[in-house]
Amino acid sequence: MNMNTATVSMAVTPTVLSTFLSHYLNRRPLRQRPTAHLSYDEGLHLIRSFLTFASHHTIEELQAFTSQWVPHPQWVKVDQVEIPEERLVEAAGVIQEQLGPDGIKKVGGQNWWQWRKPKSPLQAEWIEMKADYHERKKASDPGRRVMLYVHGGAYFFGSVDEHRYQMQRHARKLKARVFAPEYRLAPQFPFPCGLQDCLAAYLYLLETQDPTTIILAGDSAGGGMVMSMLIIMRDRYIPLPAGAILISPWVDLTHSFPSVSGDCPLDYIPQHGFHHKPSKAWPPLNADEYALLKEQVAKNTKLGTTKLMKQESVETKQLPQDLAQLNVGKGEDADNSSLAETGFISVNLDGKEVKLKDQIQMYTTNELLSHPLVSPVMQPSLGGLPPLLIMTGGGEILRDEQIYLAHKCANPSKYPPPDSAMDDVAREQLNRYKPTDVQLQVWDDLCHVAPTLSFTRPAKYMYRSVAQFGAWALARAQKTEIDILDDDSISVISSSSSVYSSDAGTANREAREEVQSGEGPKAEVGKAGDPLPPFKNHMIRQRVSRHGIITPLAAPSELPGCTMDRNDIGVVKETPVRRWLETRSQWDKRFGSVRAKIHKRRLKEMAAGYVGFDGEIPPPAALASRRKPGEDLKEKKKTKSMGLALWSLWGSKHDEATVHREHGVDKPGVKYATTEEGEGARSPSDIKLQEDGAADKEVTRKRSRSKTKTVRDESQVAEDDGAHEDTPISVLMAIRQEKSRQADQPPSAGSNMLKPDYVPDTGVTGKRPTVCGIAVPFSLDKEAETASMITLTSALDQPSRAASPTPLNPQTRAMASTSAAVVAAITDKAKDEVIDPEAVKKAGSTTTNSARASIVVYSDEIDNLWNAKAPSMATTPFTENGDAKGVYATAPTTPLVTIDGAPPATERPPLESFVSAQEDLPTKK
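About the criteria used
Residues numbered from 1 in each chain as written. Predicted model: local features only at pLDDT ≥ 70, side-chain atom pairs only at ≥ 80, totals over all residues. Heavy atoms only, no water. Core = buried A, V, L, I, M, F, W, Y, C linked by side-chain atoms within 4.5 Å. Buried < 20%, exposed > 50% of the residue type's maximum accessible area, 1.4 Å probe, protein only. Contact = heavy atoms within 4.5 Å. Pairing = 2+ DSSP bridges. Helix = DSSP H or I, 4+ residues; strand = E, 2+ residues; numbered from the N terminus. Axes fitted to C-alpha atoms, helices over the stretch in contact; angles between N-to-C directions. Right-handed = clockwise from strand over helix to strand, strands pointing away. Salt bridge = Lys/Arg side-chain N within 4 Å of Asp/Glu carboxyl O. Phe/Tyr/Trp six-rings, centres within 6.5 Å; stacked < 30°, edge-to-face > 60°.

Asker: Honestly, the nonpolar core in this entry has me stumped. Any pointers?
Answerer: Considering soluble globular proteins, one finds that nonpolar side chains tend to be buried as a cluster. If you look at the biggest cluster of nonpolar residues, it comprises 175 residues, and the most contacted ones within it are Phe 179 and Leu 216. Apart from residues lying up to four places away in sequence, Leu 216 is in contact with Leu 148, Tyr 202, Val 226, Met 229, Leu 230, Met 233, Pro 241, Gly 243, Ala 244 and Ile 245. Counting residues in each nonpolar core, the second largest holds five residues, with Leu 285, Tyr 290, Leu 603 and Met 606 among its members.

Asker: In this structure, what is going on with the sheet that holds strand S5 (residues 214-219)? I would like to understand it.
Answerer: Within a beta sheet, neighbouring strands are joined by backbone hydrogen bonds and run either parallel or antiparallel to one another. The eleven strands lie next to each other as S1-S2-S4-S3-S5-S6-S10-S11-S14-S15-S13, forming an open sheet whose pairing is mixed. Each edge of the sheet is formed by a strand with only one pairing partner; in this case those strands are strand S1 (76-82) and strand S13 (523-524). Note that strand S3 (residues 146-150) and S5 share five bridges and pair parallel. Looking at the pairing, Val 146 lines up with Ile 214 of S5. On the sheet, helix H6 (residues 160-174) packs against S1, strand S2 (123-129), S3, strand S4 (177-181), S5 and strand S6 (243-247) and is oriented at approximately 40° with respect to S2.

Asker: Just checking my understanding: could you explain the pairing of S5 for this structure?
Answerer: Looking down a regular strand, the side chains alternate between one sheet face and the other. The buried fraction of S5 is high, at six of six residues. Burial of the side chains of S5 extends over both faces: Ile 214, Leu 216 and Gly 218 are buried on one face and Ile 215, Ala 217 and Asp 219 on the other. Two strands pair when backbone bridges link them, and S5 and S6 are joined in this way by five bridges, in the parallel orientation. Residue Leu 216 lies in a different strand from S6, and its bridge partner there is Ala 244. The parallel pair S5 and S6, bridged by helix H8 (residues 221-235), forms a crossover whose chirality is right-handed.

Asker: I would appreciate a short explanation of the pattern of salt bridges in the present structure.
Answerer: A side chain of one charge can pair with a side chain of the opposite charge when the charged atoms of the two come close. Across all of its chains, the model carries 30 salt bridges by this definition. Arg 172 is the salt-bridge partner of Asp 655, the closest N and O atoms lying 3.0 Å from each other. Here the residue Asp 655 occupies a position in helix H18 (residues 642-663), and Arg 172 occupies one in helix H6, the gap between them amounting to 483 residues. The class of Asp 655 is buried, set by a relative accessible area of 0%. Accessibility expressed as a relative area gives 5% for Arg 172, which makes it buried. A salt bridge links Asp 530 to Lys 709; its shortest N-O distance comes to 2.6 Å. One end of the pair, Asp 530, is in the loop between S13 and strand S14 (539-544); the other, Lys 709, is in strand S16 (residues 707-711), with 179 residues separating them in the sequence. For Lys 709, a relative accessible area of 24% corresponds to the partly exposed category. Among the ionic contacts, a cluster of salt bridges with common partners joins Asp 358, Arg 584, Asp 588 and Arg 595.

Asker: I keep staring at the packing of aromatic side chains and nothing clicks. Help me out?
Answerer: The description of an aromatic ring pair uses the distance of the two centres, along with the angle that the planes make with each other. Scanning all chains against the criterion turns up 15 aromatic pairs. Judged by centre distance (4.9 Å) and plane angle (65°), the rings of Phe 156 and Phe 157 are edge-to-face. In terms of burial, Phe 156 and Phe 157 fall into one category: buried. Summarising the aromatic geometry, the rings of Phe 191 and Tyr 363 are spaced 5.8 Å apart at their centres and angled 70° between planes, so their arrangement reads as edge-to-face. One end of the pair, Phe 191, is in the loop between S4 and helix H7 (193-205); the other, Tyr 363, is in the loop between strand S9 (352-356) and strand S10 (388-393), with 172 residues separating them in the sequence.

Listed below in structure tokens is the structure:
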């Protein structure tokens, strides 16, 4: 039975129905889990059922199904581009430098992985909102927000078409262009084929984009690929992007962390690994099978009478004395000619050494599973990288390696590689690179790559976090401010589908209870435009609930991923291997005859001969090692997938509704006729329907009022002083004292501050100078553009007082921000000029009505100025018949305000009378 929309639907429909019934029959156990939402419960079981169904089909069938053409919504603009050959060659050269001679030998050569199918160039897609595209073109903006997204799929399935519904939401929320390469997939194109393609895509972007305008993103295997890309860029001095977003990254292919060995009922990834029906692509020959076929070919055995004897895929013997010799990879009698064979993995099972001969991961051979570019957790240092957002699901099987990855990035010296990997190069890297700034979010009980379920409430919060971090990273790298849509009212996180609308009230109630209960600081997941929390010891460590409530993450000492022995990292563990072997045994029994046919076919192909690579020996699974002369390997034309189209439509429903609401926000208002106005022209029922429609539109307008927020770097990343979470207090105090001493010293003779052309640094606005990193409230050699940039000077004789230390309350802030406009409204003369405060002092008691324009009261005096119950020491102008007779006096009385001879006011004017528009600011003639 082929794998298509019809067969997949038949396979998953029972799961959908049973989940629907069990959800309402057994709701109590699900209450405190993400599965309390029906949409999440359905999505989780649907993906799990799909992967189970796919495992009974060949890898080629799964790849073909997930790479079918999926139409995109009409409000999304998609453009396909082709990466030029020059960038692929450049990427190959960079990877060869990174691998070095020893690494090139391990992968089997330096040319085979650059081979591609005929007429199959590297293609990529630009994904952008059409509205953003037209706005950008109208402003002649080439685009300063680009996300290079690497899709996941365990390195062997998935496509840009399948993931586009996720990428378009990232593009919409970040107001960015997403660039997604269609990289080659394993096992036909194993490591480092896909890495070359993704690196070439980044080098292609650098032709037209400044690196500060690019952020990288990837999920699952794509997240691991992004980490390897960043490491190569760092080591090969390629300009690094503004930041990177890793969603459930797969960074340890050895499965050595504790969570892989535990039970994860809230995840959909098979705990026994990926198994598929045997085919030409998978599984590859192990060493025994390869040797048997080679022997039979050498003896010219008659192919019709050949009987392929099934070799044992597992060999068991007593454990060696030195357990460190386990997981060495190759047999004792291996020579250089056997690089094309799958090496074994040794593991301790029931007190015996078990040699697993079959290749267990499709991305690469067993020998390379612990290679630092395959499993980035094995890198000597993960410092020196741009800011990272690492999002992991608390219920997923890979969570421990992701948590370890984040802490290793932020504190490389505390998490060095195993002793076996420590050499001079590793030590040099540990000392060379400074810590990487990381925001780590562990989402309670969520599954692997939860944004895949984009229609669920928890996933919507995750998209918010991605946009918030991405906007901050771009603004920080570009040292500027960027505007981003404040879609809090437009993109309301609510249950918009009737399928799960019944859960909305319960979810909102539980969210409120979550905030009110418990101890410790709590916050909500931010949106694009909200300020990012400051990094502490190069980390923002957050635990996030399914309702988006943030609490502090447990200390590293309480996290299993951070407390395991570093010598155990990269060592294959007993439980994952045992599960893999049990499932493999079941597949061998079920598909034994199919595998025998595949092996006999390979025997014939080997007898006929393969097209080689000048002494190179590609891995056995690589298509490059199994090319027959004259074989047609061209890619087949894609066909439309109804199943994936429906899945994409479900995932895009929230975005479509949001786009429609956004488009209706800025349209001019429409006046609807009342019953009296329309009487005689239309029926009363027609008018009533119009009134109801107008009311609905008014509600929508109020809820969907579109605004933008300005994103800037607010110094979340502290200056690196070499301190980390383990630095003793005495050392920290010494560092701070030294900084204070240096700050108090006068400028040196060669300092730029003593030069006549010295100009103070300006902040991200480019308008206001900064002193010790604090922006001052005035501009240099430039007219003030906003009320906040006008210097507020008190008429009191306090030249040494720069600003009141008393914090502003809301009323004070409102008055202070509109003081210039209020004074301008007092007199006609003040509308045209602002009087110099010094002139007021010289005028003494003859101060005129216009002098009041310079009166500004400090924040600690304003509270008393309008306080009618308590006496005030505020300065108050005396008035007599509407004319000022004296300038100031100090009196413990309720202040009076007169305007052009009007009776004194005993109450503060309402805020509505304050004018704050920029065009009403007084200007000096």
